[in-house]
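# Coordinate analysis (summary)
Okay, here's what each chain looks like letter by letter:
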There are 2 protein chains.
Amino acid sequence: MTEHTVKAFDEDIGELRGLIAEMGGLAEQAIARAIDALAKHDLDAARRVIEGDKRIDGIEEEVERLAIRLIALRAPMADDLREVVAALKIATVVERIGDYAKNIAKRVPAIEDHGRIEPLSLLPAMARMAGEMVHDVLDAFAARDAEKAIRVSDSDRQVDDFYNAIFRVLVTYMMENPKSIGQVAHLLFVAKNLERIGDHATNVAEMVHYAATGERMAERERGGSPAVTL
Amino acid sequence: MTEHTVKAFDEDIGELRGLIAEMGGLAEQAIARAIDALAKHDLDAARRVIEGDKRIDGIEEEVERLAIRLIALRAPMADDLREVVAALKIATVVERIGDYAKNIAKRVPAIEDHGRIEPLSLLPAMARMAGEMVHDVLDAFAARDAEKAIRVSDSDRQVDDFYNAIFRVLVTYMMENPKSIGQVAHLLFVAKNLERIGDHATNVAEMVHYAATGERMAERERGGSPAVTL
């Protein structure tokens, strides 16, 4: 590549990284706001999360357009091409994480007895863990930090353990409060969505690792311990 | 491109299409087999579905390697590049569909009362619908058939309606049979996994449409009617 091409490529890849950091920030915020809306039964806040997801979708499309243009015009090789492909794939996953947050926000109207369903109070802590994974894995991408990506992947186990605990608490609660089953079933899905966000952050960690090193992260079951997947 | 390059590109893209068709066939089969294992409480069959998912993951990696090599060596432009990028993204989604089937298979041991939980009998029909969507959308990709992709996207509404009906039936069943809540909660997730498979097939339909026409399919909410997302 000529010096000019290298500079143009660096600018483009910088733009790509910037877009992904922006998407990630929005997704992280959406998770926190959706859970907050759920805990407070705040329908307006929930609607804002749902509306805001369009921005995340829009950035994903921008990433795709830019990545395709970059490949077509700059013809990057080896490491650079791997990074562009990683950006493309990571954008797809972050868009999906935004969908999970939106899905949580859509359940807000269904949880009318938010003040009375005690296990609801467990969800914000789980949401914080999942949100941190998203935050950290995008930091790892920005810094091409394979070690940090591995740490994110490891922390998925905690999110999974949390999910299993919440699953049991919610099922017990349903047995004791059969009239609230309809509402609590939604909370089961909220917990599952958070667990999936952790899985997706782990997938991104694998992509970051591959983009940074050219080697796949040692295989581990997505979703951690077998119990999780139940 | 020289004639030689065109031919080489056509061969590579043919290989890429072949790999995606193979992945799709395996994913479709995994859905059917997982639900069958669930209905019959067949632990061996469930284990085979779980094991078989590694093959799907392996093909996704092959698709990625081939797509990257193809972009690097053949430098495809416009329509061709769009198709390679679509193949890359579709492989990611099909891999995810395989994960959902695996997740259903992992729930098989938890459903001990398979003969007694009547709502379980609703799941195979829903699984057939979801499996058909996967089948049809990959046909649409192979044929670059944007119209067929739109039809698949439309049929997602039926899967969503089915899901909503099953959700209500399962919640009612839980209220009437509180002792079975632990098991039936797993069936809620199975139904949700099938609904997500329909959503993912719809995402692929959008990618096929874009790859075939260069235009985005008219926006529709993923997951169809608002009620679905609950």
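Chain A appears in an unreviewed UniProt entry as Phosphate-specific transport system accessory protein PhoU from Hephaestia caeni. As stated in UniProt under Function (unreviewed entry), the record for chain A gives "Plays a role in the regulation of phosphate uptake."

Once that is clear, we can look at the overall build of chain A. Assigned secondary structure in chain A consists of six helices and zero strands. Counting from the amino terminus, helix and strand elements in chain A follow one another as α-α-α-α-α-α. At 19 Å, chain A has a C-alpha radius of gyration in line with the 17 Å of a compact globule built from 230 residues. When the backbone C-alpha atoms are referred to their principal axes, chain A occupies close to 70 × 40 × 20 Å. For chain A, with 230 residues in total, the buried portion stands at 56%. Pairs at least 24 residues apart make up 85% of the contacts formed inside chain A by residues separated by at least 6 positions.

So, about the environment of B:Ile59. Residues and elements named next belong to chain B. The topology assignment puts Ile59 in helix α2 (residues 43-74). Sequence-wise, Ile59 and Ala91 are 32 residues apart; in three dimensions their C-alpha atoms are separated by 8.2 Å. Excluding residues within four positions of it along the chain, Ile59 makes contact with Leu19, Glu22, Met23 and Leu26.

On to the UniProt feature "domain: PhoU" (unreviewed entry) in chain A. All names here are of chain A. On the UniProt side, "domain: PhoU" (unreviewed entry) is annotated at positions that read residues 20-108 and 125-208 here. The span residues 20-108 carries 93% helix and 0% strand; its end-to-end C-alpha distance comes to 28 Å. Structurally, residues 125-208 is divided into 92% helix and 0% strand, and its ends, taken at the C-alpha atoms, are 26 Å apart.

Let's shift gears to the nonpolar core. If you look at the biggest cluster of nonpolar residues, it comprises 160 residues, and the most contacted ones within it are A:Ile90, A:Leu123, B:Ile90 and B:Leu123. With sequence-adjacent residues up to four places away left out, A:Leu123 is seen in contact with A:Ile35, A:Leu38, A:Ile166, A:Leu187, A:Val190, A:Ala191 and A:Leu194.

Moving on, we come to the packing of aromatic side chains. Applying the stated rule across the entire model yields five aromatic pairs over all chains. Considering the side-chain rings of A:Phe167 and B:Phe189, the 6.1 Å spacing of their centres and the 35° angle between planes classify their relative orientation as tilted. Taken together, the residues A:Phe167 in helix α5 (residues 146-176) and B:Phe189 in helix α6 (residues 181-213) connect one chain to another. By relative accessible area, which is 12% here, A:Phe167 ends up buried. Note on B:Phe189: relative accessible area 3%, which makes it buried. Through successive ring pairs, a cluster of aromatic residues spans A:Tyr163, A:Phe167, A:Phe189, B:Tyr163, B:Phe167 and B:Phe189. A cation sits over an aromatic face here: A:Arg17 above A:Phe141, 5.6 Å from the ring centre. Over the ring of B:Phe189 we find A:Lys192, and its NZ or CZ is 5.7 Å from the ring centre.

Further remarks concern the pattern of salt bridges. Under the criterion given, the structure shown has 38 salt bridges over all chains. Between B:Glu60 and A:Lys89 there is a salt bridge, with its nearest N and O atoms 3.6 Å apart. Of the two residues, B:Glu60 is situated in helix α2 and A:Lys89 in helix α3 (residues 78-107); the pairing between them involves two chains. In terms of burial, B:Glu60 and A:Lys89 fall into one category: buried. Note that B:Asp113 and B:Arg116 form a salt bridge whose closest N and O atoms lie 3.0 Å from each other. A relative accessible area of 23% places B:Asp113 in the partly exposed class. Each of A:Asp12, A:Arg69 and A:Arg74 takes part in one network of salt bridges that share partners.

This next bit is on the relation of the copies chain B and chain A. One chain copy maps onto the other through a rotation about an axis and a shift parallel to that axis. Placing chain B over chain A gives an RMSD of 0.0 Å and needs a rotation angle of 180°, together with 0.0 Å of translation along the axis. These values place the two chain copies in the arrangement generated by a two-fold rotation axis.

So, about the packing of helix α3 (residues 78-106) of chain B against helix α4 (residues 123-142) of chain B. Residue and element names in this part refer to chain B. In contact at an axis separation of 12 Å, α3 and α4 are set at 165° when each is read in the N-to-C sense. It follows that α3 is roughly antiparallel to α4 by the angle criterion. Considering how the two elements wind past one another, α3 and α4 form a crossing that is left-handed. Residue-level inspection shows Glu83, Ala86, Ala87, Ile90, Val94 and Ile97 of α3 in contact with α4, the latter providing Val134, Leu138 and Phe141. Among the residues making up the contact of α3 with α4, the classes are represented as eight nonpolar, no polar and one charged.

A few words on the interface of chain B and chain A. Facing the 44 residues of chain B at the interface are 44 residues of chain A. When chain B packs against chain A, the two sides together hide about 4,300 Å² of surface, and 61% of this comes from carbon and sulfur. The interface formed by chain B and chain A includes six salt bridges. Counting residues per element, the ones that place at least two in the side of chain B that touches chain A are α2, α3, α5 (146-176) and α6 of chain B. Ranked by residue count, the leading element in the side of chain B that touches chain A is α3(B), at 12 residues. When the residues that make up the side of chain B that touches chain A are grouped by side-chain class, the tally is 20 nonpolar, seven polar and 17 charged.

Its location among the elements puts A:Asp161 in helix α5. Between the alpha carbons of A:Asp161 and A:Met126 there is a distance of 10.0 Å; along the sequence they are 35 residues apart.

Tracing the backbone through its elements, the reader meets A:Asp53 in helix α2 (residues 43-74). A:Asp53 has contacts with A:Gly98, A:Asp99 and A:Lys102, leaving out every residue within four places of it along the chain.

So, about α3(A). For α3(A), spanning 30 residues, the distance from its first C-alpha to its last is 44 Å, which sits close to the expected 44 Å at 1.5 Å a residue. For α3(A), the tally of buried residues reaches 27 of 30 residues, placing the bulk of the element in the interior.

Basis of the calculations
Residues numbered from 1 in each chain as written. Chains lettered and ligands numbered in written order. Predicted model: local features only at pLDDT ≥ 70, side-chain atom pairs only at ≥ 80, totals over all residues. Heavy atoms only, no water. UniProt positions renumbered as here; feature names shortened; annotations may be inferred. Helix = DSSP H or I, 4+ residues; strand = E, 2+ residues; numbered from the N terminus. Rg over C-alpha atoms; globule rule 2.2 N^0.38 Å. Buried < 20%, exposed > 50% of the residue type's maximum accessible area, 1.4 Å probe, protein only. Contact = heavy atoms within 4.5 Å. Core = buried A, V, L, I, M, F, W, Y, C linked by side-chain atoms within 4.5 Å. Phe/Tyr/Trp six-rings, centres within 6.5 Å; stacked < 30°, edge-to-face > 60°. Lys NZ or Arg CZ within 6 Å of the ring centre and 35° of its normal. Salt bridge = Lys/Arg side-chain N within 4 Å of Asp/Glu carboxyl O. Least-squares fit on C-alpha atoms with pLDDT ≥ 70 in both. Axes fitted to C-alpha atoms, helices over the stretch in contact; angles between N-to-C directions. Parallel < 35°, antiparallel > 145°, perpendicular 65-115°, else oblique. Left-handed = near helix turned anticlockwise from the far one by under 90°. Nonpolar A, V, L, I, M, F, W, Y, C, P; charged D, E, K, R; others polar. Buried area = accessible area lost by both parts, 1.4 Å probe. Expected span 1.5 Å × (residues − 1).

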